[in-house]
Amino acid sequence: MAHTTAKSAYRSLTDRINLFSQGAPPHRLLYRILEMLFSEKEAAFVAKMPIKPFTARQAAKLSGLREAEAGRMLEALASRTVLLDVETDGETTYFLPPPMAGFFEFTLMKVRGDIDQKLLSELFHQYINEEEDFIRELMACGETNLGRIFVNEPAVDASLGRGESLTVMDWERASEAVERAKDIGIGLCYCRHKASHVGRACGAEMRNCMAFNSTATSLIRHGHIERVDKKEALDILRRSQEQGLVQFGENARETVSFICNCCGCCCEVLVAAKRFGMLTNVNTTGFLPKVDARLCDGCGRCVTACPVEAMGMVSANDPKLPARRKARLDERICLGCAVCLRACSRNALSLTPRLERKITPVTSVHKYVLMAIERGKLQNLIFDSHALWNHRAMAAILGAILRLPPVAKAMASRQMKSRYLEKLITGLNITG
C-alpha cells in the first residue's frame, strides 16, 4: 500500500500517536500531514516520548540527546503547538496532545505564515472528511466519548420558565466552564478555517474556538490564541447561541479544556453525526425537544436549524387541512442541543428530560483511562516509556492478558501471582 513508503521516523511517530487511547489510523495522507508539522529529526524524537507529561531531562535520557538540545527541540515544538507545555513550580513539562481535539486543531487556530495552511487544510479534509477510517475510529469506537454537547442555556431557561420539570447540573452549562476556568483563550474555529481553504466555509463567526486552563495557558504563551476575560468569553457564547451554533466541548465535568461553537456544515463532529447517525461517539445532553402539535404550523424552521438532521416534517393528519404538516423528532440521533427551540417562532417546542442519560467522566484523566480500557490500550498508559525495552515487553504482555476472555484472564492472574493485576482485572470487570 502507498503508506508503507513513508519514512521510518513518521511511521514511528504514527505508532507513538496510536499508543494513546485516541489515535490516528496510518495512511499516506497522515504521513504527509506529519511531514508538514514535524521534521524527520523531530518525528524520531517525539516517537520516543512517553504518553504522560515529561521534562527535558527525561526527554534527553529517552532520546540520547544532551539535555540542552532536547530542551531546545521541545521548546520549538511547543512554539508550533504540536506539543503543549505546562509550567508547575518553576519546572516545565511537555506532552503530545492527541490529534483531535489536539494538535490538528491547534495548527489552524490562527493565521500562520510558517506552514502552508491551504495545503494542510486540503490534507486534513481528505484524511478526515473523505477517508472514513479516522473519523469512524474517533467517533464510533467504545462507549466513552471524546466530547459532549452542552445545554443551550437560553432554551433551558425558557423551558423552565414555562413550567417544564428539568434538572440541570452546573457542569452541563458552557457558562459554568467559563466561570470555573483559571485561564481562557480564544482562537479561530479550526473547522471553519479549514473549510475556508477548501471553498466550503459558511458565514458563521470564525473567532469563537475556546480553550481553558492549562491548554489555554500553553497556547496563549506561544501566541496561538488570545487571552480573554470571562466577560468576553460569555459574550462569545451568547453570540454563538444567537447564531444557532452548538456548544461542543470536552467530555469531562471538571477542568474542561475546550469548547467549540459548531455549525452543522463545517464541524467535523456534527458532519460525522450525520454520516454515522446512532454510531456517533458524542455525549448528548440530558434533554430532548418536545413538539406541541397544537402549536406547530409546519413552517420547517426547526428542520433547517437542526445541525444533524434529527428534526423532520410529517403529515399532521388533519382531515380539515390535508396539506398541513408538523415537526417530528428522531430521538435516536438528536443531540439535545436545543438549537431548534430558538428557531421556532410559535413556542411549539420545549425541552423534556431524556429517559436515559450518558455518564460524563469526572476529569480528562478519568475519560482517557476509560477510553483506553475500551480500546484495549490501557497497558500503554501503565507502561508508558515505550522507548524502554522492558516497558514495551510488559505492555505487550498486559495487553494480551486484557484481551483474554474473563475465565482466561483469571487463570493468567493466578499464574502470574500478581496482586496488582488481580486488582486491575477486577476493576476492569466492575467498569464493564
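Each chain has its residues counted from 1, running along the sequence as written. In keeping with the model being predicted, local features are shown solely for residues with a pLDDT of at least 70 and side-chain atom pairs are shown and tallied solely at 80 or more, while totals for entire chains, interfaces and linings include all residues. Remark: hydrogens and water are excluded; side-chain values derive from all non-hydrogen atoms of the structure.

Participant: Help me out: how do you make sense of the overall build of the protein chain in this one?
Facilitator: Along its length, the protein chain carries 21 helices and 13 strands. By residue count, 53% of the 432 residues in the protein chain fall in the buried class. For the protein chain, long-range pairs separated by at least 24 residues make up 69% of all intrachain contacts whose partners lie at least 6 apart in sequence. When the accessible surface of the protein chain is split by element, carbon and sulfur atoms take 52% of a total near 20100 Å². Numbered from the N terminus, helices here are DSSP runs of H or I no shorter than four residues, and strands are runs of E no shorter than two. The rule is simple: take the accessible area with a 1.4 Å probe, protein chains only, and divide by the maximum for that residue type; under 20% is buried, over 50% is exposed, in between is partly exposed. What makes two residues a contact is simply this: any of their non-hydrogen atoms within 4.5 Å. Shrake-Rupley sampling with a 1.4 Å probe provides the accessible areas, and residues are treated as covered by the protein chains on show and by no other component.

Participant: Is there a simple way to explain the pattern of salt bridges in this structure?
Facilitator: Pairs may arise between side chains of opposite charge once their charged atoms sit close together. We define a salt bridge as a side-chain nitrogen of Lys or Arg found within 4 Å of a carboxyl oxygen belonging to Asp or Glu. Counted under the stated rule, the structure contains 25 salt bridges. Arg221 is paired through a salt bridge with Glu87; the nearest N and O atoms lie 3.8 Å apart. In this pair, Arg221 sits in helix α12 (residues 213-221) while Glu87 sits in strand β1 (residues 84-88), placing the two residues 134 residues apart along the sequence. When the shortest N-O distance is used, the salt bridge between Glu232 and Arg207 registers 3.0 Å. In this pair, Glu232 is assigned in helix α13 (residues 230-242) and Arg207 in the loop between α11 (190-197) and β5 (209-212), connecting sequence segments 25 residues apart. You can call Glu232 partly exposed: its relative accessible area is 30%. The exposure class of Arg207 is partly exposed, given its relative accessible area of 26%. By sharing partners, the salt bridges in this structure join Lys231, Asp235, Arg238 and Glu242 into a single network.

Participant: Help me out: how do you make sense of the confidence of the model for the protein chain in this one?
Facilitator: Detailed reading of the predicted coordinates is not advisable wherever pLDDT falls low. When pLDDT is averaged along the protein chain, the result is 86, and 85% of the positions lie at 70 or above. Low pLDDT, under 50, characterises residues 427-432; the predicted model gives this stretch 5 contacts beyond four residues in sequence or across chains. Known as pLDDT, the predictor's per-residue confidence is scaled from 0 to 100.

Participant: Where do I start with helix α2 (residues 28-37) in this structure?
Facilitator: An α-helix turns once per 3.6 residues; consequently, residues spaced three or four apart project the same way. Turning to α2, its buried residues number three or more, namely Leu29, Leu30, Tyr31, Ile33, Leu34 and Leu37. If you follow the buried residues of α2, they end up packed against α1 (8-17), α3 (40-46), α6 (99-106) and α7 (117-130).

Participant: How should I be thinking about unusual backbone geometry in this particular structure?
Facilitator: Leave glycine aside and you will find that most residues have negative phi; peptide bonds, for their part, are mostly trans. Geometrically, the link from Met100 to Ala101 is a cis peptide bond, its omega value of -10° lying close to zero. Relative to the assigned elements, Ala101 resides in helix α6. Positive phi, close to 70°, is recorded for Thr81, a residue that is not glycine. Positionally, Thr81 belongs in the loop between α5 (67-79) and β1. For Thr81, a relative accessible area of 1% translates into the label buried.

Participant: Hey, could you run me through the sheet that holds β5 in this one?
Facilitator: In a beta sheet, neighbouring strands are held together by backbone hydrogen bonds and run either parallel or antiparallel to one another. Whether two strands pair depends on DSSP finding at least two bridges between them. Strand order in the open sheet formed by 7 strands is β6-β4-β5-β8-β7-β3-β9, with mixed pairing between adjacent strands. Each edge of the sheet is formed by a strand with only one pairing partner; in this case those strands are β6 (226-227) and β9 (282-283).

Participant: Teacher, can you tell me more about a negative patch on the surface here?
Facilitator: Judged by side-chain charge, Glu130, Glu131, Asp133 and Glu137 come together as a negatively charged surface patch. Residue placement: Glu131 occurs in the loop between α7 and α8 (133-139). On the accessibility criterion, Glu131 (32% relative accessible area) is partly exposed. To count toward a patch, a residue needs a relative accessible area over 30% and no salt bridge; like charges are then connected within 9 Å, while nonpolar side chains (Val, Leu, Ile, Met, Phe, Trp, Tyr) are connected within 5 Å. The charge count includes Lys and Arg as positive and Asp and Glu as negative, but it does not include His or the ends of the chains. Throughout, a charge is located at the NZ atom of Lys, the CZ atom of Arg, the CG atom of Asp or the CD atom of Glu.

Participant: Quick question: what am I supposed to make of the environment of Arg16 here?
Facilitator: Following the sequence through the fold, Arg16 ends up in helix α1. As a C-alpha pair, Arg16 and Lys48 span 32 residues in sequence and 7.5 Å in three-dimensional space. Non-local contacts of Arg16, meaning those with residues more than four positions away in its chain, are made with Val46, Ala47, Met49, Pro50, Ile51 and Leu96. From its side chain, Arg16 meets the backbone oxygen of Met49 in a polar contact 2.8 Å long. By the criterion applied in these results, polar contacts are pairs of N or O atoms within 3.5 Å in which, for protein atoms, one can donate a hydrogen and the other can accept it, and in which residues neighboring in sequence qualify only through two side-chain atoms.

Participant: Where do I start with the packing of α2 against α7 in this structure?
Facilitator: For any two helices packed against each other, one specifies the inter-axial angle together with the distance between the axes. Contact geometry for α2 and α7: axes closest at 9 Å, N-to-C directions at 150°. On the basis of the axis angle, α2 is roughly antiparallel to α7. Along this stretch, α2 crosses α7, giving a crossing that reads as left-handed. Together, Leu29, Leu30, Arg32, Ile33, Met36 and Leu37 of α2 and Leu119, Leu120, Leu123, Phe124, Gln126 and Tyr127 of α7 make up the contact between the two elements. Taken together, the residues of the contact of α2 with α7 sort by class into 10 nonpolar, 1 polar and 1 charged. All axes are obtained by fitting lines to C-alpha atoms, using only the stretch in contact for helices, and the reported angles, taken between N-to-C directions, cover 0 to 180 degrees. Any angle from 65 to 115 degrees is called roughly perpendicular, while one under 35 is roughly parallel, one over 145 is roughly antiparallel, and all others are oblique. Note on convention: the crossing is left-handed when the near helix lies turned anticlockwise from the far helix by less than a right angle, right-handed when the turn is clockwise. Three classes are used, and their members are as follows: Ala, Val, Leu, Ile, Met, Phe, Trp, Tyr, Cys and Pro are nonpolar, Asp, Glu, Lys and Arg are charged, and the others, Gly among them, are polar.

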